[in-house]
Amino acid sequence: MSAPAVEHERPGPPARKGGAAALGWILTIGLNVVAPIITYHQLRDHGWSEFGALLISSAWPVLDSAISLAWRRKIDEFAVVTLVFLVITAVVSLIGAHSARALLIKDSGVTGLFGLLCLATLLAPRPLMFYFGRKFATDGTPASTAWWNGLWQYEGFRRTMIVMTAVWGVVYLVEAGVRIALAFVVDTDTMVVVSPVMIYTVLGCLGVWTAMYGKRSQAEGERRAAEAAAAADAGAGSGAGAGAA
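The structure displayed is predicted, hence computed values, not measured ones.

What counts as what
Residues numbered from 1 in each chain as written. Predicted model: local features only at pLDDT ≥ 70, side-chain atom pairs only at ≥ 80, totals over all residues. Heavy atoms only, no water. Helix = DSSP H or I, 4+ residues; strand = E, 2+ residues; numbered from the N terminus. Buried < 20%, exposed > 50% of the residue type's maximum accessible area, 1.4 Å probe, protein only. Contact = heavy atoms within 4.5 Å. Areas by Shrake-Rupley, 256 points an atom, 1.4 Å probe, with all protein chains shown as cover. Axes fitted to C-alpha atoms, helices over the stretch in contact; angles between N-to-C directions. Parallel < 35°, antiparallel > 145°, perpendicular 65-115°, else oblique. Nonpolar A, V, L, I, M, F, W, Y, C, P; charged D, E, K, R; others polar. Polar contact = N/O pair within 3.5 Å; in protein donor to acceptor, adjacent residues only side chain to side chain. Patch = residues over 30% accessible without salt bridge, like charges linked within 9 Å, V, L, I, M, F, W, Y side chains within 5 Å. Salt bridge = Lys/Arg side-chain N within 4 Å of Asp/Glu carboxyl O. Phe/Tyr/Trp six-rings, centres within 6.5 Å; stacked < 30°, edge-to-face > 60°. Core = buried A, V, L, I, M, F, W, Y, C linked by side-chain atoms within 4.5 Å. Arc of directions from axis to C-beta. Left-handed = near helix turned anticlockwise from the far one by under 90°.

**Q** I tried to follow the overall build of the protein on my own but got confused; where do I start?
**A** Each helix and strand in the protein was counted, giving nine helices and zero strands. Put simply, the protein runs from its N terminus to its C terminus through helices and strands in the order α-α-α-α-α-α-α-α-α. Within the protein, buried positions represent 35% of all 245 residues. Contacts spanning at least 24 positions in sequence make up 71% of the contacts within the protein whose residues lie at least 6 apart. Within the structure as shown, the protein displays about 13500 Å² of accessible surface, and the carbon and sulfur contribution to it stands at 72%.

**Q** Would you take a moment to explain the packing of helix α6 (residues 128–137) against helix α8 (residues 155–185) for this structure?
**A** Between two packed helices, what matters for the description is the angle formed by their axes and the separation of those axes. Across the interface, α6 lies against α8 with an axial gap of 7 Å and an inter-helix angle of 105°. Considering their axes alone, α6 and α8 lie roughly perpendicular with respect to each other. Residues L128, M129 and F130 of α6 touch α8, and the partners they reach there are F157, M161, M164, T165 and W168. Considered class by class, the residues forming the contact of α6 with α8 number seven nonpolar, one polar and no charged.

**Q** What am I meant to see in the side chain of E175 here?
**A** The residue E175 is located in helix α8 in this model. There is a polar contact of 2.9 Å between the side chain of E175 and the side chain of T111. Those residues in contact with E175 that lie beyond four places of it in its chain are T111, M198, I199 and V202.

**Q** Sorry if this is basic, but what is going on with a nonpolar patch on the surface here?
**A** Together, I29, V33, V34, I37 and I38 give the surface a local cluster of nonpolar side chains, amounting to about 390 Å² of exposed area. Turning to its location among the elements, I37 is positioned in helix α1 (residues 18–45). In this structure I37 comes out as partly exposed when scored by relative accessible area, which is 45%.

**Q** Would you mind going over the pattern of salt bridges with me for this structure?
**A** Pairing between side chains becomes possible if they bear opposite charge and their charged atoms approach one another. This model, assessed by the stated rule, comprises two salt bridges. Two residues, R159 and E155, come together in a salt bridge whose shortest N-O distance is 2.5 Å. Placement of both R159 and E155 in helix α8 is noted, with a separation of four residues, approximately one turn of the helix. R159 sits in the partly exposed class, given a relative accessible area of 34%. Taking the relative accessible area as the measure of exposure, E155 reaches 42% and is therefore partly exposed.

**Q** Would you mind showing me how to read the packing of aromatic side chains here?
**A** Scanning all chains against the criterion turns up 10 aromatic pairs. Aromatic side chains F130 and W148 sit 6.2 Å apart centroid to centroid with 40° between the ring planes, which places their arrangement in the tilted category. Of this pair, F130 sits in helix α6 while W148 sits in helix α7 (residues 142–150), placing them 18 residues apart in sequence. You'll find F130 and W148 in the same group, each marked buried. Ring centres of W147 and W148 lie 5.8 Å apart, and the angle between their planes is 65°; this geometry places the pair in the edge-to-face category. Judged by its relative accessible area of 16%, W147 falls in the buried class.

**Q** Would you take a moment to explain the nonpolar core for this structure?
**A** Nonpolar side chains tend toward joint burial in soluble globular proteins. Ranked by internal contacts, the top residues of the largest apolar core, which has 20 residues, are F114, W148, F157, M161 and W168. For this core, the elements supplying multiple residues, two or more each, are α5 (100–120), α6, α7, α8 and α9 (188–244). Looking at this core element by element, the count peaks at five residues for α8. With sequence-adjacent residues up to four places away left out, W148 is seen in contact with F130, G133, R134, A137, T138, F157 and M161.

**Q** Which parts of the structure should I look at to understand α7?
**A** Every buried residue of α7 is accounted for by S144, T145, W147 and W148. Projected onto a plane normal to the axis of α7, the buried residues spread over an arc of 160° and lie on a single side. Contacts from the buried residues of α7 go to α6 and α8.

**Q** I would appreciate a short explanation of the packing of α6 against α7 in the present structure.
**A** Contact geometry of α6 with α7 gives a least axis separation of 10 Å together with a crossing angle of 145°. For the pair α6 and α7, the crossing hand works out as right-handed. Contacts between α6 and α7 involve F130, G133, R134 and A137 on the former and, on the latter, T145, W147, W148 and N149.

**Q** Can you walk me through the environment of A102 in this structure?
**A** Structurally, A102 is set in helix α5. For the pair A102 and F184, spaced 82 residues apart in sequence, the C-alpha to C-alpha distance is 9.8 Å.

What follows is the structure in structure tokens.
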């Protein structure tokens, strides 16, 4: 049985290919964010139902997954999550009444379902933020992907991914609950403004916290690695001194 990996053996990331990273980001943002939003609003303006417009919009993440599979021989998990999110939204749009308040509640329910998805992946071999992190931290090349996957062997890295996923899940469940409650106590005209503000505020705060927590965890890991290396050097020096004596 191989010895467990220690923190000071953790390899650094390989050199990133700027062109590949830029093209990957353009495809990701374009096909998973920009194109679905534009498609949805264009179809709605032309009389399509919310359900139909959402389903057609979900074709873009499917295309992104197909491109990723053809280009890199692997499925893009970010596109898969986007697709699942759009399909959930489409299904939720069919449920119950279609009043303005009901639509606001359904919208809140979707972010709550995303929170549940985050928490559910804590039971999977890898939590959701592991895949999101791989999307943001690598350029998608085999070398950078292998480097990221290899980090899972380190306890500190695993703990960071698990904590991030748990925090995102809990925060989105709370955010959904607050927005649903507000939908019943705040007038609709006000809630139409408050709801998107809450969505983007929570997303921004989570993004900032994730970046800060990731840097802090990395710094802590580097500190422990330095201490372990110093202790190993000290032990080697003592051993050599004892041998010379």
